[in-house]
Each structure stands twice: as structure tokens, then as C-alpha cells.
Amino acid sequence: MSTVHSKTKIAGRVLVTAGFLALTLTGCAASGVAQTGAVSPSESGDSADAAPDSSADPAVDEPTGCPVTAESMPAGAVSAEIADIDGDGENDTEWYDESTSPFTFGITMASGATVSLADDLAGPGRHSGWTAALHNGVVVTVLDDSRSATLHAIVDCEFVTPIGVDARPYTFDMQNSNDTGTGVGCLEVDGGLELNGLQVTQNRDDSYSLMATGITVSADGLTAINGYTAVSAALPQDDPRVAEAQTSSCDNAPVVSTSGR
């Protein structure tokens, strides 16, 4: 695979390690509802009541976001407002452009910066993408075509594609074709959201088992490593987690999709 503005690439399948924990999944809104506070601008003082330092350089203390780029969101792209990802305190915009081949996913920031990457997924139907900040502060983007999904991070105002333990771009299985997964989601943990690879399977009694594997993306966006697994057994078919585990979503992060044509 090749990506635009990508420093490196990776892959890794959602593999499992032993562990049985209580599992609470979060779904994803498919509308362009703004998020708040996914990435917070740096604090310049010890408290809100602290007096401003008149000697401070405003250019240093005030968050300015990513620098303006010549690239911008294409006319006609499907877009949604998302939380601030570059630390300037202003909401940004993610978008999908299906006028290109391959499709292009991008983020245009309030600062005037735009970053984008080529969607190399080969699925013939609808392609979707979302962006969210994880509990360790890393901002990730996941693109999917309902068959598989690719993982990307936004570091230093550009996309980076994390590499898995197999030295390939990290990918997710969306159809359990390799018995490694059926979807992508987020789990609420201390400090925020954790990226999870999901796998739901039907039991002999027609109930379902759901396994979530925590994934850690490094701060520089170069690597992604599988961690613990959490398993929920004997879920009824109408449990919303069963359906969510067969999609790509993350809490209330808006999703943008192509038309599927």
C-alpha cells in the first residue's frame, strides 16, 4: 500500500492473548456532529487564575495549529466536523473525496492546513473513515471498505502509517477471513479511549462471543502493538455490541463515507 504524506508503513493482524475482562464498547455517530476536547492545547500556566507573563512571547505561548498548506479540501468532498487535532483549540474537518482514483481521505484544519492520504483499499462498495484522539494523546485515523481497515496516525502535521510486529502496515480484518477480526472500535479506559480490534463469533447455542484486543499506537505513530484481550461470552444476538463489533467506529467520532457507487 502507498499513502500520501506517509513516513512509513505497517501491518499487523489482531491476534489475541489470554484474559477475560468486562467489556464495554462505544459506538460511533455517523453524522458530522462536532466533538469537543479530543486534543487539548498546551497549558501555559499553573492555574486558570495565574496572572499572564507580560514577557512571554505570544507566538510561543499561543497555540497556532499546523501551518497553512497549498492543499485544501476538494469541492464536492463528503465532510464532517471533528474535534481539534492540531492543538489550536478550534474544531477541524475530515473529508472523503471519491473523484480521485484511489479515493482520498483528508483533514482540513481551522489553521488552514490540510493533510491527506490515498485510500488504497480495494473494496468495491462504500469506504468510510473516522479520526479520534486516544487516551495517550495519539490521534488516529481508520479507513475501511467493509472487508478490511487500515490504521494511520497524525504526527507533526502529517499522516504516518504505523507498522505492526510483522514489519508491515497495521491492518484490521473486517470479515474474519483470516479468523483475526470482524471490526474496529474503542474501549473506554482511564484517561480516554483505547483503540481495539474486535472479533465476534457465533456460539453453538446461537449466542455470541466478543473479544476485544487493545492496540497501543506509539507517540511517534511508527508502531502499533497488540496488548491484552477482553472477552464477553454468551451475548444475545440483539446485544448492540454484536453489531458494533462488525463495523469500524470509535465513541462519538463522526464518520465520513463515499457513496458506494
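Residues numbered from 1 in each chain as written. Predicted model: local features only at pLDDT ≥ 70, side-chain atom pairs only at ≥ 80, totals over all residues. Heavy atoms only, no water.

**Considering the environment of Thr 229**
Okay, so step 1: Among the secondary structure elements, Thr 229 is positioned in strand β15 (residues 224–235).
Okay, so step 2: Judged by its relative accessible area of 2%, Thr 229 falls in the buried class. (Helix = DSSP H or I, 4+ residues; strand = E, 2+ residues; numbered from the N terminus. Buried < 20%, exposed > 50% of the residue type's maximum accessible area, 1.4 Å probe, protein only.)

**Digging into the nonpolar core**
Okay, so step 1: Trp 130, Leu 151, Phe 172, Val 184, Leu 195 and Val 217 are the most contacted members of the largest nonpolar core, which totals 24 residues.
Okay, so step 2: Breaking this core down by element, the ones donating at least two residues are β7 (128–133), β8 (139–144), β9 (148–155), β11 (169–173), β12 (183–189), β13 (192–202) and β14 (208–217).
Okay, so step 3: With four residues, the single largest contributor to this core is β9.
Okay, so step 4: Apart from residues no more than four positions distant in its own chain, Val 217 is found in contact with Leu 134, Asn 136, Val 138, Val 140, Leu 151, Ala 153, Pro 162, Leu 195, Thr 223 and Ala 224.
Okay, so step 5: Counting residues in each nonpolar core, the second largest holds 19 residues, with Phe 105, Val 115, Leu 121 and Phe 159 among its members. (Core = buried A, V, L, I, M, F, W, Y, C linked by side-chain atoms within 4.5 Å. Contact = heavy atoms within 4.5 Å.)

**Topic: the state of the cysteines**
Covalent bonding between the sulfur atoms of two cysteines defines a disulfide.
Okay, so step 1: For the structure shown, the criterion picks out two disulfides.
Okay, so step 2: With its sulfur 2.1 Å from that of its partner, Cys 66 forms a disulfide with Cys 157. Judged by the torsion about the S-S bond (-90°), the Cys 66/Cys 157 disulfide is left-handed. Note that Cys 66 is positioned in the loop between α1 (58–61) and β3 (78–82) and Cys 157 in the loop between β9 and β10 (158–160), a separation of 91 residues in sequence.
Okay, so step 3: Here Cys 186 engages in a disulfide with Cys 250; their sulfurs sit 1.9 Å apart. As the torsion about the S-S bond is roughly -100°, the Cys 186-Cys 250 disulfide counts as left-handed. On the criterion of sequence distance, the pair formed by Cys 186 in strand β12 and Cys 250 in the loop between α2 (240–244) and β16 (255–257) is long-range, its members being 64 residues apart.
Okay, so step 4: Its relative accessible area of 0% is what places Cys 186 among the buried residues.
Okay, so step 5: For Cys 250, a relative accessible area of 0% puts it in the buried group.
Okay, so step 6: Disulfides within the chain link the bonded cysteines, taken in sequence order, as 1-2, 3-4. (Disulfide = S-S within 2.5 Å.)

**With respect to the environment of Ser 218**
Okay, so step 1: Looking at the secondary structure, you find Ser 218 in the loop between β14 and β15.
Okay, so step 2: The spacing of Ser 218 and Val 138 is 80 residues in sequence and 7.6 Å in space, taken between C-alpha atoms.
Okay, so step 3: Separated by 2.6 Å, the side chains of Ser 218 and Asp 220 make a polar contact.
Okay, so step 4: At 3.3 Å, the side chain of Ser 218 and the backbone nitrogen of Leu 222 are in polar contact. (Polar contact = N/O pair within 3.5 Å; in protein donor to acceptor, adjacent residues only side chain to side chain.)

**What to know about the side chain of Thr 150**
Okay, so step 1: Relative to the helices and strands, Thr 150 is located in strand β9.
Okay, so step 2: Using a relative accessible area of 6% as the deciding quantity, one classes Thr 150 as buried.

**Overview of the packing of aromatic side chains**
Okay, so step 1: In total, this model carries three aromatic pairs according to the counting rule given.
Okay, so step 2: The interplanar angle of 65° and the centroid separation of 6.4 Å between the aromatic rings of Phe 105 and Phe 159 together place this pair among those described as edge-to-face. Of this pair, Phe 105 sits in strand β5 (residues 104–108) while Phe 159 sits in strand β10; the two residues are 54 residues apart in sequence, bridging distant segments of the chain. Grouping residues by exposure puts Phe 105 and Phe 159 together as buried. (Phe/Tyr/Trp six-rings, centres within 6.5 Å; stacked < 30°, edge-to-face > 60°.)

**Section: unusual backbone geometry**
Okay, so step 1: Cis peptide bonds are those with omega within 30 degrees of zero, and the linkage from Ser 101 to Pro 102 qualifies with 0°.
Okay, so step 2: Looking at the secondary structure, you find Pro 102 in the loop between β4 (92–97) and β5.
Okay, so step 3: Unlike most non-glycine residues, Asp 206 shows phi in positive territory, near 75°.
Okay, so step 4: Within the fold, Asp 206 resides in the loop between β13 and β14.
Okay, so step 5: Look at Asp 206 and you get exposed, because its relative accessible area is 51%.

**Some details on the sheet that holds strand β6 (residues 114–118)**
Okay, so step 1: Judged by pairing direction, the sheet is antiparallel, and its four strands sit side by side in the order β3-β4-β5-β6 without closing on themselves. Looking along the sheet, the strands with just one partner apiece sit at the ends: β3 and β6. For this sheet the average axis-to-axis angle between neighbouring strands, irrespective of direction, equals 15°.
Okay, so step 2: Strand direction decides the pairing type here: β4 and β5, joined by five bridges, are antiparallel. Pairing of Thr 93 across the sheet is with Thr 108, part of β5. (Pairing = 2+ DSSP bridges. Axes fitted to C-alpha atoms, helices over the stretch in contact; angles between N-to-C directions.)

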